Each structure stands twice: as C-alpha cells, then as structure tokens.
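Okay, here's what each chain looks like letter by letter:
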Amino acid sequence: MIPTWVRDPKNDNLFINDLRKHVKGGVLVPPANANPLVVAAAPAAGIPTLGMPVVYEGPQDGCREIYSMVGAFDAATLADPQARFSVQIDDQAYRRRYMNRDILVNHVFGTPGNPLFLPQPIWLENQQVLIFQFLNNSIVGAATFRQLMEGRTFQAQSLSRSEVTQLIGKKRREAVFFNPFWLTSDNPIIIPAGGQTTAFFSNARDYYLLLRYIIRSWISTGIAGDVNEAFTVRFFDATNNRPLMNQPMTANMMGGNSNFPYVLPQPWSIEPVTSIRADFQNLITDQPTEVFLTFCGVGCFVANQNPWEGTRVDQPAVTTPAYGAP
Amino acid sequence: MAILRDTSKFFYWDAARRMYVPYYRNKEILPSWMGFSEQDPRVANGVFTVLAAPGNTAPTYFSQPYSSVEGLDENLGTPFEVQNLIFADSTDGTAAANFTALFTEIGDTRQLMNFPCHIRTIAGTALQPAILREPLIVPSRHVIQAVFTKIAGGATNIRMALGGRQYFPWAPEFLRYKSEGEDLKGRIRAMMERRLTVSPFWLTTDGPMVLGAGTQADFLLKPGNDAQFEAFAIAAVSTGAFAWSLEDAKTFSTLMNGQVTSVNATGNALFPTIFSTPYVLPADKRFRLRVLDLSGNPNTIWFTIWGRKIYAPFMEMRDALAETSVPTMADQQALLVPAPME
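Residues numbered from 1 in each chain as written. Chains lettered and ligands numbered in written order. Predicted model: local features only at pLDDT ≥ 70, side-chain atom pairs only at ≥ 80, totals over all residues.

Trainee: Can you help me understand the overall build of chain B in this one?
Mentor: Scanning chain B for helices and strands turns up 5 helices and 21 strands. Here the C-alpha radius of gyration of chain B, 22 Å, is about what a compact globule of 342 residues would show, namely 20 Å. Across its three principal axes, chain B shows a C-alpha extent of roughly 70 × 60 × 40 Å. By the burial criterion, 41% of the 342 residues in chain B qualify as buried. Residue pairs in contact within chain B that sit at least 24 positions apart in sequence constitute 79% of those at least 6 positions apart. (Helix = DSSP H or I, 4+ residues; strand = E, 2+ residues; numbered from the N terminus. Rg over C-alpha atoms; globule rule 2.2 N^0.38 Å. Buried ≥ 20, exposed ≤ 12 C-beta atoms within 10 Å, placed from the backbone. Contact = placed C-beta atoms within 7 Å.)

Take a look at the structure:
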C-alpha cells in the first residue's frame, strides 16, 4: 500500500505522499477494434469460431499491476452465446497460459459493481503483451463482448524512491513464479437426465496450484426435477481419494459466479501432476445438464525435480550376456 | 482482498534454490463441506425432509468422524473448523425458505443459539455464505444436533452444509515433513484450547415477534448467564418493514439515539448488517428490542444477532468477586469458567 500521509522529520509538518501522483489506479482496455469484440456463431457444435486475438499491452510509462477483470455482453447477444463464450489468456512474455483450456468468460470477468478480483495480480512490464483468444461455442448466434482490466501503474517518476524500486523488484520476482490460474474440467461435462457422470480436473507438471474460488454455471432445458439446484457434486483429491464432503453438494452450495465466487475457506493445494475428481448427479430428470465448473486460484511454478537426481545406478556385479545373445 | 492475494502462508522463498517452495502442511488442510450425517437413515443423498407445520421433526445431526493412522494424530483426530453456513431448500426455494433451526453442540452440551432462529437469518448460499466471525471447531467424534421446524406450509426438502476446513494432522507424509507436521499440530492445539473459551452464538427473541398493524412492542433477547456475549452483526426476516432500537435492558444503555428502520439497518444472512464495533453484553444482562411496525399490516419478525459467547470473566468482575462476600448468581456462574483467553 502507498501511504497517503508523510511527515517531514525536520519540522514535523504533514504532507501528502508524492507517490500518490505517480502510482495511479486505472484500467487497461483492448485496442479499439476489439472493443467490442464480435465473434460469429460456431459453424457446428464442438467447432467454435475463434475471434481475432485481443492484445492487451502494458503501458510504456511504467509497470502495471492488474487486480480485477470486468466484462459484459451487449444486449443483443442471445442467452446461449453468453453462456458458451469462452476465452484463453496467454502471457506472451513468459509463454504461459493462465488456464488448462478455454474458460467461460462468465467465469473470468465480473461486472463493474462486482468485478472478479484476481487471487494473484498480473504483473505487466512495459509493453508486455497478454493475448486473449475468445471462442464462440454457440451455434445459436454471434457474441458481442466488451472488457477491461483494473489495476494500478507505477509510473517512471515513482522510480526515484527506493521503496518503490524494492517493491517492484519483489513483484518482478513473484511474477516469475506466480500468476492467476483457472482450472476447469479436462473435457466438457454433460450429465444425462437424472443420471451421473465423473469429471477430472488435471494439473500440469510444472504448476503447484492454490485454488481459491469455485465458479459454476450450467445449461439445461429440463423442467422436471430440481431445476433451481440443477445438480450435485462430490469432490475428491484424485491422488488419495480423500473426499471434501460427506454428502453431495448442490450447485448453489458449492460454487458461485464471477460476481460472487465461492471463496474456499481454505485454499485447496493441488500438487503438480495430480488431479481433482468430481462425481456429478443430475437433479434435472427430463433433460441432460451441461455443467461448466471452474476453480480459480494461483499457479506457482515449481522446479520440476528430476526423479533420478542423486541416484547412482550401479553396474551389475555379474556380466550378463547381451540381449539377444545366444 | 489483500488477504486473498497473500501467498506467504502457502509458499516461502528458498534463497539457496532461488525459487518459491510450497509449505507441505497446507496440502493436509482441505476445504470441506460437512453435510448431514450419513448415519441418519432419513438423510438420502444429503436431503433431509422437514415435516409440515406445526409438526415437530425429530433432530438430525452433523458429525465429525475420527480417523488416524497409527496414532500419528497424537489424539488430535481430524478436527473440522466451520467458517460458514450454507443451505438449499428444494421445495419452497432457498430464497423463500420458511423454517427455523436450533443447533446444539452435544459433546460440550452447549446450545449455539438461545432459541430457534429463522434459517434465512443464519445461513446463506455458496454465492453469499453466512460467514462466522468466530469459527466453530468440531473435534473428531463431536456432534452438532440440528432441530428444524417448519414455520408454515407443507413438508420441505432441505440440504445444509457447514462450510470450512478439515485438518489431517495424522497424514503419513508428516513423517517426512516433521517440522511442518508439528506446526500444524501446534495450530490445532491452539484451536482446541480456544474453543473451550469462545464459541459462536446466535441470539434471538423467544419466538418470532408478532406485531399488529402500526403497533410497537418490546422484546427481550436473553443470551443467558453462562458467558459474555459479543455481538457482531444483525440479520432479520419479516413480513413487512419495521423500525427498531436496541438497549441494554439492565443499564438502559442504548446503541442508538433513536429508532432505525429495517430498510436502513437490517440485513439478512447473505449480507448482514455488521456492527462497526462489536458490542459486548456482560453475562448477566439482556438486550431489549423495541420494534414498531411500519407496514400497516400484521408483521411477523425474526430477528437474530450474530456473535460469540466468551466463557471468561471480565477482569473487573474477578477482582470484585475477591472482595464480595455475597456473590450474585451470575457471578457464581462466572467462577466456573475456564481461565481467561490470552
């Protein structure tokens, strides 16, 4: 935090901290030709239409720290494309993707009143580039989407203060290792009418995840059964089958939306190369339910240890015949 | 939000390896949901049926099992720390749920509320969970009994979860990460000690407040004499608008200089009205709630103050007891409580 007030030690007079002029809040918007972004309907189910890559560029006058994401569809966008519009975010500088696959924009962007606060800020150096690749998965209609990211900029004038340069140094170190991360199911989740299905959420080899939020949404045309709660789920740590709940929890008891995500009372630590298992039960009895479930948290790069490091493989004591020898 | 961005409890900077390394112990604390006990045969897939009004539904319960490996838990078991209350009503709809709940910690024989509270004044949903300011610690083998009573209408199917985290101090991996296991066990021991002295509490009136059109009446909120009550927030459900004021019934000390309206100063379980400074009501005192109907119609009001009970005497009271030859009943109760919290 930047303190507002500073006291001159020589005469004890009170001043406004001049850093307040140079560390400024503000927003980052995409180029004008991508705001709004219009993406045509998908040609067929399972074949999304890709929008033009949307480039967010860090400012030239200082480093920028992104705190929250805001986005909205134009009123003309139909409900189905709104519920199926997804995004992949790539950090071009570090060659990182912030999610395991495309995530619904409704799980990434909040609204002006309730933005999605990132569990880990995104640190952008001067002219560092993020690329947002939007996908329209709906065959019903086009999607028109507007977006921005909120944060603060450390302008060049603030670099004259050692506190700022030290803070930036720490932020840069963190940026090497930490970034926000969205983890969704490995494959789309469709629960048959009144039936059950299982989904896995797999972590990559180099990431240690700290999951903070659960966000969910669903699509179903069913009218029979419990259409308000829609489905239940049981989570398990797939590495040791340890359950997180003793009873199945409904959609509204285990997850929120990007305005009000369910903030896990304890962040869920997910080790590299492990996964989450989720057992779903459809409470809607006359139609299948398509479920979109996202964990949002912090991805931490951990060095991938060589499992053979420090292990010496002894030569066999007895000479064995070469393979295939008579 | 600053807390959400703080990763220092989960990773540390290893200067020698020049990288961040996760603390292993966090892997053994899981976010969890504690639903109704599977051992109650009336619970099917987490659903419990509350009988139609005015019937009495027999209690159900939440229970925390005991588990351990080769005694590695050092008698700490697998404690559960409740941090929020979440529910769903599949019959009436969660937003229109119309039943009361009364929770009792059976192991400690502590009632967690003085009278049944309207469910929509104490529990929320995952989008806006009713967050406890004082966590409820449920040790292994402890049971929270829940009595649900329908206020009006037919039977309803409900689900409920105590949301929080579960500790696994006996994880075999702690044989490898010994110091982290000791850290975790130390944290659990501190929690166990604290729960002896502090527990969450919901304070309400003796039944709903029923007002005639445009009338005013006084009601008492009685936390009991066993502990001090610290009030954090207010949540209410009513059939119409009302105005209210709150005062200490014994000292006539008021919390406001006039009546406030429900529109301005009364939240619900999703967004309660939070006291800017918690108010401590000593053990032998009560709140008097003066309520005025503003709706112009008969008005039924369920009013709940969220808080915690502190089973420790005030220092002044203890000093006074040393010099008082005839302690009051309330003072005598206070003598029985455990040592004051640090």
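Trainee: Can you walk me through the overall build of chain A in this structure?
Mentor: Counting secondary structure elements, chain A contains 4 helices and 23 strands. Over its C-alpha atoms, taken along the principal directions, chain A stretches across nearly 85 × 75 × 40 Å. Buried residues in chain A amount to 43% of all 326 residues. For chain A, the proportion of contacts with a sequence separation of at least 24, taken over those separated by at least 6, is 82%.

Trainee: How should I be thinking about the pairing of strand β7 (residues 62–73) of chain A in this particular structure?
Mentor: Successive side chains on a regular strand alternate, one facing one side of the sheet and the next facing the other. Residue and element names in this part refer to chain A. In this structure, β7 lies alongside strand β13 (residues 143–155), joined through 11 bridges in antiparallel fashion. Each residue of the ladder has a partner; that of R64, found in β13, is T153. Here β7 runs beside strand β11 (residues 116–124); their pairing, made up of 5 bridges, is antiparallel. Bridge pairing in β11 places I66 opposite I122. (Pairing = 2+ DSSP bridges.)

Trainee: What's the story with the interface of chain A and chain B in this structure? I'm lost.
Mentor: Buried accessible area, meaning the area lost when the parts come together, often serves as the stated size of an interface. Counting from both sides, the interface comprises 40 residues of chain A and, opposite them, 38 residues of chain B. Those elements that provide at least two residues to the side of chain A that touches chain B are β11, β17 (207–219), β20 (249–250), α4 (251–254), β21 (262–270) and β23 (289–301) of chain A. Ranked by residue count, the leading element in the side of chain A that touches chain B is β21 of chain A, at 7 residues. When its residues are assigned to classes, the side of chain A that touches chain B shows 23 nonpolar, 12 polar and 5 charged. (Nonpolar A, V, L, I, M, F, W, Y, C, P; charged D, E, K, R; others polar.)

Trainee: Where do I start with the domain arrangement of chain A in this structure?
Mentor: All names here are of chain A. Entries for chain A in the domain assignment read domain 1 (24–157) and domain 2 (184–301). Centre-to-centre, using C-alpha coordinates, domain 1 lies 23 Å away from domain 2. On the domain 2 side, the residues contacting the 16 residues of domain 1 number 16 residues. Mapped by element, the contributors of at least two residues to the side of domain 1 that touches domain 2 are β10 (103–104) and β11. Among the elements that take part in the side of domain 1 that touches domain 2, β11 stands out by supplying 3 residues, more than any other. Residues belonging to the side of domain 1 that touches domain 2 are distributed by class as follows: 8 nonpolar, 7 polar and 1 charged. (Domains from an automatic or database assignment.)

Trainee: How should I be thinking about helix α2 (residues 178–197) of chain B in this particular structure?
Mentor: Owing to its 3.6 residues per turn, the α-helix aligns residues three or four sequence positions apart on the same side. Residues and elements named next belong to chain B. Here α2 contains 20 residues, and its C-alpha end-to-end distance of 30 Å stays within 8% of the 28 Å for a straight helix at 1.5 Å per residue. When α2 is considered as a whole, its buried residues turn out to be G181, L184, I188 and R195. Each buried residue of α2 lies within a common arc of 65° when the element is viewed along its axis, so the set occupies one face. Residues of α2 that are exposed and point more than 90 degrees away from the buried face comprise K178, S179, G186 and A190. (Expected span 1.5 Å × (residues − 1). Arc of directions from axis to C-beta.)

Trainee: Looking at this structure, how should I read the nonpolar core?
Mentor: Nonpolar side chains tend toward joint burial in soluble globular proteins. The biggest cluster of nonpolar side chains holds 160 residues, and the ones touching the most others in it are F134 of chain A together with I122 and A123 of chain B. Here the element with the most residues in this core is β17 of chain A; it accounts for 8 residues. If sequence neighbours within four positions are ignored, F134 of chain A has contacts with L37, V39, G51, V54, F85, V87 and F145 of chain A. (Core = buried A, V, L, I, M, F, W, Y, C linked by C-beta atoms within 7 Å.)

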